[in-house]
Amino acid sequence: MQLNASLDEHLSQIPEGLASEPTENLFKLAENQLERAFKVVNVDESVREILSQPKNEIIIHFPVKLSNGKTQLFKGYRVQHNNILGPYKGGIRFHQDVYLDECKALASWMTWKCALQNLPFGGGKGGVKFNPQQYSIQDLEHITRRFTHALGTNIGPEWDVPAPDVGTNAQIMDWMMDTFSNIVNMSDKQSVKRVVTGKSTVCGGSAGREEATGRGIVHCITEWAKENRFNLAGSSMIVQGFGNVGSNTAKILSRMGVSVLAVGDQTGYWVHPEGFNPYKLSEYARANSGLDGYPGGQRITRDEFFSTKCDIFVPAALELQLCAHEAEALQCKVVVEGANGPTNLEAEDILLRRGIPVVPDILANSGGVVVSYYEWLQNKRSEMWDIDDVRQKLEMRMTSTYQLVSEKARYLRVDMRTAAYAIALERLQEVYSRRGVWP
Ligand code: NAD
């Protein structure tokens, strides 16, 4: 299904608003990563063809009457990449730079991520192109509800299940769930709660969902440390982006004795040789919509941030932040991708040449979708699992998948990203070869 896509297809080649940042097309990066993986794995030509594009690209324009009395037209997206393994699954982003090819790339990464983690989900992603920081809470509610209404039955608990991403959170998911439950039959109101995951716990969310992506990243770091006989206690990290993913990763690692030496976001970069307090930093960033003005540490340039000597670098902001220039500058032992698509191919090659491994996004940040699956299951069964249960299950899944990817990389003699893709593609290939292509 593709609505009103022609103009957007043209515009999607130019990531608007990213003038000071890399202008590479994100879907091109996703295509190039896939091409690399196809070289080491046996995937039929027909399956390659199917996986090369999303099944549905939905673009909607919806009006919202704002609290200033004006009516504004918003542009929303939902891309559904593949659903051979289960309902489409993936985040909703509220950001001024959302564009079609970005959603296509992010949706395809969700397909590989769910296949890699052996979850009964496919890949989807969506968003609304606007800056949520410029709107009141009442306006955000109206925008969310009107977007959900405009998506209508293009989402659904057994069809396409959104979750939080950049610029969205549990509150946005609660409004989406509430709106959706009001457009279905009365008798379905309760059963459609799992139309979104990442809800607040009082509205049916899972304990441990908010921290899940960060916690999953920490499990990957722990596994990497074990493999390399590296002692995390007393080590150091730098984090780009201090929202949900960056702050939760930093908080959990700090409890393991890792100090947060440098941080940054769109408002600037800071260093603290003795280490930041990630709890205070996170509270500040939340209250002030960014790190600017934090009373602690010293301001540094973006270049200085990337060349800060540390053990672990976690990009946890937006895509395409790590290009050749940054890859040459980094002084870390490992890059663990919290963000989706933060590293372009050139940067990855440079890092690998320099002996710096990259734990890829589809593995490293998959803890979020794993606990989203747990939330979806709990809603389906009317259960509420306690936090220890969720954490234990997440740890088991993250560590076993990390080990699987690591073994595959050694076996195929490839980097971890290619190995993770290979596992995901082999699973998808197997299902396609059994089910065939209808009719
Ligand atoms: P968020 O909105 O909570 O945080 C985003 C952070 O990035 C903020 O600190 C923001 O200030 C910063 N940022 C924005 N623009 C920036 C720029 N130009 N330069 C530097 N920093 C910038 O979002 P999040 O949920 O933490 O998501 C971060 C990344 O993790 C995204 O790539 C997202 O797709 C990915 N991810 C999120 C989840 C999840 O569960 N939330 C799961 C998997 C992957």
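Rules and cut-offs
Just so you know, the residues in each chain are numbered from 1, in the order the chain's sequence is written. With the structure being a predicted model, the display of local features is reserved for residues of pLDDT at least 70 and the display and counting of side-chain atom pairs for 80 or more, all residues being used for whole-chain, interface and lining totals. As a convention, hydrogens and water are excluded, and side-chain values are obtained from all of the structure's heavy atoms. Points on a 1 Å grid over protein atoms alone make up a cavity when a 1.4 Å probe fits among them but cannot get out, and a pocket when they form an open set with protein on both sides within 12 Å along at least five of seven lines; lining residues each have an atom within 4 Å of a point. Grid points are joined across faces, edges and corners, and a volume is the space filled by probe spheres set on the points. Each residue is assigned to one class: nonpolar for Ala, Val, Leu, Ile, Met, Phe, Trp, Tyr, Cys and Pro, charged for Asp, Glu, Lys and Arg, and polar for all the others, Gly among them. Residues belong to a common nonpolar core when they are buried Ala, Val, Leu, Ile, Met, Phe, Trp, Tyr or Cys residues joined through side-chain atoms within 4.5 Å. Burial classes: relative accessible area under 20% of the type maximum marks a residue as buried, over 50% as exposed, and values in between as partly exposed (1.4 Å probe, protein chains only). For this analysis, residues touch if any pair of their heavy atoms sits within 4.5 Å. The rule for pairing is simple: two strands pair if DSSP sees at least two bridges between them. Here a helix means four or more residues in a row that DSSP labels H or I, a strand means two or more in a row labelled E, and each is numbered from the N terminus. All axes are obtained by fitting lines to C-alpha atoms, using only the stretch in contact for helices, and the reported angles, taken between N-to-C directions, cover 0 to 180 degrees. Expected helix span is given by 1.5 Å per residue-to-residue step, counting one fewer step than there are residues. Whenever a nitrogen or oxygen atom comes within 3.5 Å of another N or O atom, the pair is scored as a polar contact, on the condition that within protein one atom can donate a hydrogen and the other can accept it, and that pairs from neighbouring residues in sequence are kept only if both atoms are in side chains. The predictor reports its confidence for every residue as pLDDT, a score running from 0 up to 100. Handedness of a crossover is defined as follows: with both strands directed away from the viewer, a clockwise route from the first strand across the helix to the second makes it right-handed.

1. Here's the deal with the layout of surface pockets
In step 1: If you add up the space inside the second largest pocket, you get close to 290 Å³.
In step 2: Every residue lining the second largest pocket is counted, 17 residues in all, and those nearest its centre are Gly204, Gln378, Asn379, Ser382 and Glu383.
In step 3: The residue makeup of the lining of the second largest pocket, split by class, is 3 nonpolar, 9 polar and 5 charged.

2. Considering the nonpolar core
If you look at soluble globular proteins, the nonpolar side chains tend to sit buried side by side.
In step 1: In terms of nonpolar packing, the biggest core is built from 85 residues, with Trp109, Trp112, Val336, Val359 and Leu425 touching the most fellow members.
In step 2: In this structure Trp109 touches Leu26, Leu29, Ala30, Gln33, Asn340, Gly341, Asp361, Ile362 and Tyr421, once residues within four positions along its chain are discounted.
In step 3: Among the nonpolar cores identified, the runner-up in size contains 25 residues, and Leu140, Ile172, Met173 and Trp175 belong to it.

3. Details of the sheet that holds strand S2 (residues 71-82)
In step 1: Taken together, the 5 strands give an open sheet; going across it, the order is S1-S2-S4-S3-S5, and neighbouring strands pair in mixed fashion. Strands with a single pairing partner mark the edges of an open sheet, and in this sheet they are strand S1 (56-65) and strand S5 (160-164). In this sheet, neighbouring strand axes are inclined to one another by 25° on average, regardless of whether the strands run parallel or antiparallel.
In step 2: Judged from the 4 bridges that link them, strand S3 (residues 88-95) and strand S4 (residues 123-129) form a sheet pairing that is parallel. From the neighbouring strand, Phe94 faces S4, where its bridge partner is Val128.

4. Quick word on helix H4 (residues 100-116)
In step 1: The first and last C-alpha atoms of H4 sit 24 Å apart over 17 residues, in line with the 24 Å expected at 1.5 Å per residue.
In step 2: With 17 of its 17 residues buried, H4 lies for the most part within the structure.
In step 3: The positive-phi residue at the C-terminal boundary of H4 is Asn118, with phi of around 55°.

5. Considerations on helix H16 (residues 416-435)
In step 1: Spanning 20 residues, H16 covers 29 Å between terminal C-alpha atoms, matching the ideal 28 Å at 1.5 Å per step.
In step 2: For H16, the side-chain oxygen to backbone nitrogen distance between the N-cap and Arg417 is 3.2 Å, and the N-cap itself is Asp415.
In step 3: Immediately downstream of H16, the backbone of Gly436 shows phi near 75°, a positive value.

6. Points about the confidence of the model for the chain
Detailed reading of the predicted coordinates is not advisable wherever pLDDT is low.
In step 1: With 95% of its residues at a pLDDT of 70 or more, the chain shows a mean pLDDT of 95.
In step 2: In this model residues 1-22 is a low-confidence stretch, pLDDT under 50, and it forms 36 contacts with partners more than four residues away in sequence or in other chains.

7. Quick look at the pairing of S3
In step 1: Of all 8 residues in S3, 8 are buried; the element is thus mostly enclosed.
In step 2: Judged from the 5 bridges that link them, S3 and S5 form a sheet pairing that is parallel. Pairing of Lys89 across the sheet is with Val161, part of S5.
In step 3: Taken together, S3, H4 and S4 form a β-α-β motif whose crossover is right-handed.

8. Description of the environment of Val370
In step 1: Following the sequence through the fold, Val370 ends up in helix H14 (residues 367-381).
In step 2: In contact with Val370, not counting residues within four places along its chain, are Gln117, Leu119, Leu394 and Arg397.

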